[in-house]
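Listed below are the residues making up each chain.
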Amino acid sequence: MSDTHRRLTGLVRQRLFWPVLILVLLLVSNLFFTPSFFSITVRDGHLYGSLIDILRASTPLVLVAVGMTVVIATGGIDLSVGSVMAISGALACLHISGLADQNSVGGVLFAVVLALGLSVLLGLWNGTLVAAIGIQPIIATLILMVAGRGLAQLITDGQIINVNSAPYKVIGAGYALTLPVSVLIVVAVVTAAALLIRRSALGMLVESVGGNPTASRLAGIRARQLVILAYVFAGLCAGIAGLIFSSNVSSADGNNAGNLIELDAILAVVIGGTALTGGRFSLAGSVLGAVIIKALDITIYTIGIPSEATLLFKAVVVIVLCLAQSSAFRARLAGITRRGGPDRPPGSPPGSPSGKRPDGTGGGLPRQAGPTAQAEAEVRA
């Protein structure tokens with residue numbers, strides 16, 4: 001095997017190779033319909049362009065996917081992240097709407113802290129149900145998924161709360177250093193999470209709890225505390241995502257905010273190469289998966305896919321991506337393409353008849369030693 005072939009094989013086996021390839025193909029395909037797709041312009045000191053729009057649109061999903069990744073790494077799941085998003089945005093907008101001056105920076109900061117504090121408590125609730133009480137993660141988080149959506153509607157009184165606050169608008173629609181503030185927030189959160197998890201023993205402990213809970217318990221790892229911490233982190237990420245979402249539209253909708261985002265988050269985690277069974281995980285892969293989903297949404301609109309076929313087209317692309325990532329599927333596909341003619345026994349060169357040796361002898365099944373063969377052996381002896 002040549003060095004080039006060996007390097008290509010090693011590159012294909014990298015965890016992030018296929019997500020990166022799919023993202024590049026999605027972005028390049030837009031050039032056929034929008035020639036200026038990759039163009040980025042500067043207006044009033046801000047960067048504008050389709051790529052910037054994709055990054056800004058993917059920020060809530062990236063945050064939720066990162067939190068979901070840590071939870072899945074412990075062997076759990078969190079279906080309540082969408083409801084936590086709705087609660088966070090609703091509580092912040094409710095407090096801001098009651099301010100005498102909605103442009104008060106102190107009042108907006110207090111609303112943000114209040115919303116994030118409640119999000120952390122909701123994550124602690126999920127972690128306690130799973131780790132301390134022993135309820136299955138899908139059931140424990142399903143409780144908050146349903147009840148949390150009702151709580152968000154109670155906070156908003158079933159109405160859409162509109163706010164007119166310039167400081168709050170900055171979170172989701174503002175710019176800093178020529179980039180959207182929401183993108184900078186996501187970069188800060190993901191960087192902090194990567195440094196905390198990957199640059200310390202915490203990541204290894206999380207993987208051990210999800211990969212083999214019994215062995216980790218026997219090794220003295222405090223699995224219960226780690227699981228609770230994972231759900232708290234997921235709640236915090238969902239709370240920040242809820243603030244970005246509500247700030248971007250300057251309103252809070254307890255019914256529709258974060259609706260079904262948990263499914264996209266789980267899909268982003270799977271696309272990123274993290275197994276749903278727990279254990280090894282990839283934060284970078286989940287970020288790529290979230291960006292791929294949003295890039296796919298924009299590509300669908302760019303290509304002009306009919307609205308009634310949008311979900312089907314998206315499902316087909318996701319299936320192709322998951323199959324491309326599967327090493328077992330690629331190996332089976334390679335075996336089918338290489339297979340030609342009848343199966344040959346190991347060691348026989350190509351082109352020789354089935355079961356024949358290179359000299360043409362030895363065809364058919366080997367003879368069983370019968371009485372005649374045994375008599376001939378005795379005479380020779």
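Please refer to the structure placed before this passage.
Everything quoted here is computed from the prediction, not taken from an experiment.

> Quick question: what am I supposed to make of the overall build of the chain here?
Broken down by element type, the chain carries 16 helices and six strands. A total of 381 residues make up the chain; the buried ones form 41% of that total. For the chain, long-range pairs separated by at least 24 residues make up 75% of all intrachain contacts whose partners lie at least 6 apart in sequence. Carbon together with sulfur atoms contributes 65% to the accessible area of the chain, which is approximately 20,300 Å² in total.

> I tried to follow a nonpolar patch on the surface on my own but got confused; where do I start?
Judged by side-chain polarity, V20, V24, V28, L31, F32, F33 and F38 come together as a nonpolar surface patch covering roughly 630 Å² of accessible area. Along the chain, F32 falls in the loop between α2 (17-29) and β1 (40-43). Under the relative-accessibility criterion, F32 is labelled exposed at 70%.

> Would you take a moment to explain the packing of helix α7 (residues 166-173) against helix α8 (residues 181-198) for this structure?
Any two packed helices are characterised by the angle at which their axes cross and by the distance between the axes. It is at 5 Å that the axes of α7 and α8 come closest, and there the two elements cross at 65 degrees. Classified by the angle their axes make, α7 and α8 are roughly perpendicular. On the side of α7, the interface is formed by V170, I171 and G172, while α8 contributes V181, S182 and I185. For the contact of α7 with α8, a count of residues per class yields four nonpolar, two polar and no charged.

> In this structure, what is going on with the environment of S216? I would like to understand it.
Summarising the element assignment, S216 is placed in helix α10 (residues 213-218). Discounting chain neighbours no more than four positions away, the residues touching S216 are S208, V209 and I221.

> Would you mind going over the nonpolar core with me for this structure?
Nonpolar side chains tend to gather and get buried jointly when the protein is soluble and globular. Grouped together as the largest cluster of nonpolar side chains are 85 residues, with contacts concentrated most on L23, V62, L63, V64, M68, Y168 and L283. Non-local contacts of M68, meaning those with residues more than four positions away in its chain, are made with I77, D78, V81, E262, A265, I266 and V269.

> How do you make sense of helix α6 (residues 137-156) when you look at a structure like this?
Three or four residues apart is the spacing at which side chains of an α-helix point the same way, because the helix has 3.6 residues per turn. Here α6 contains 20 residues, and its C-alpha end-to-end distance of 28 Å stays within 8% of the 28 Å for a straight helix at 1.5 Å per residue. Burial in α6 covers these residues: P137, A140, T141, L144, G148, R149, A152, I155 and T156. Those residues of α6 that are buried lie in contact with α4 (81-97), α5 (105-133), β3 (161-162), α11 (223-249) and β6 (251-252). Phi turns positive, to about 60 degrees, at D157, one or two residues after α6.

> Got a minute to help me understand the side chain of S251 in this structure?
The residue S251 is located in strand β6 in this model. Apart from residues lying up to four places away in sequence, S251 is in contact with C93, I160, I161, N162, V163 and S246.

> So what exactly am I meant to see when it comes to helix α15 (residues 327-338) here?
With 12 residues, α15 ought to run about 16 Å at 1.5 Å a step, and its terminal C-alpha atoms sit 16 Å apart, in line with that. With zero of 12 residues buried, α15 is to be regarded as a mostly surface element.

> Could you clarify how one ought to interpret unusual backbone geometry in this entry?
Peptide bonds are mostly trans, and most non-glycine residues show a negative phi. Phi at D44 is positive, roughly 55 degrees, even though this residue is not glycine. Residue placement: D44 occurs in the loop between β1 and β2 (46-49). Within the chain, T178 stands out as a residue other than glycine whose phi angle is a positive 70 degrees. Tracing the chain through its elements places T178 in the loop between β4 (175-176) and β5 (179-180).

How each quantity is defined
Residues numbered from 1 in each chain as written. Predicted model: local features only at pLDDT ≥ 70, side-chain atom pairs only at ≥ 80, totals over all residues. Heavy atoms only, no water. Helix = DSSP H or I, 4+ residues; strand = E, 2+ residues; numbered from the N terminus. Buried < 20%, exposed > 50% of the residue type's maximum accessible area, 1.4 Å probe, protein only. Contact = heavy atoms within 4.5 Å. Areas by Shrake-Rupley, 256 points an atom, 1.4 Å probe, with all protein chains shown as cover. Patch = residues over 30% accessible without salt bridge, like charges linked within 9 Å, V, L, I, M, F, W, Y side chains within 5 Å. Salt bridge = Lys/Arg side-chain N within 4 Å of Asp/Glu carboxyl O. Axes fitted to C-alpha atoms, helices over the stretch in contact; angles between N-to-C directions. Parallel < 35°, antiparallel > 145°, perpendicular 65-115°, else oblique. Nonpolar A, V, L, I, M, F, W, Y, C, P; charged D, E, K, R; others polar. Core = buried A, V, L, I, M, F, W, Y, C linked by side-chain atoms within 4.5 Å. Expected span 1.5 Å × (residues − 1).

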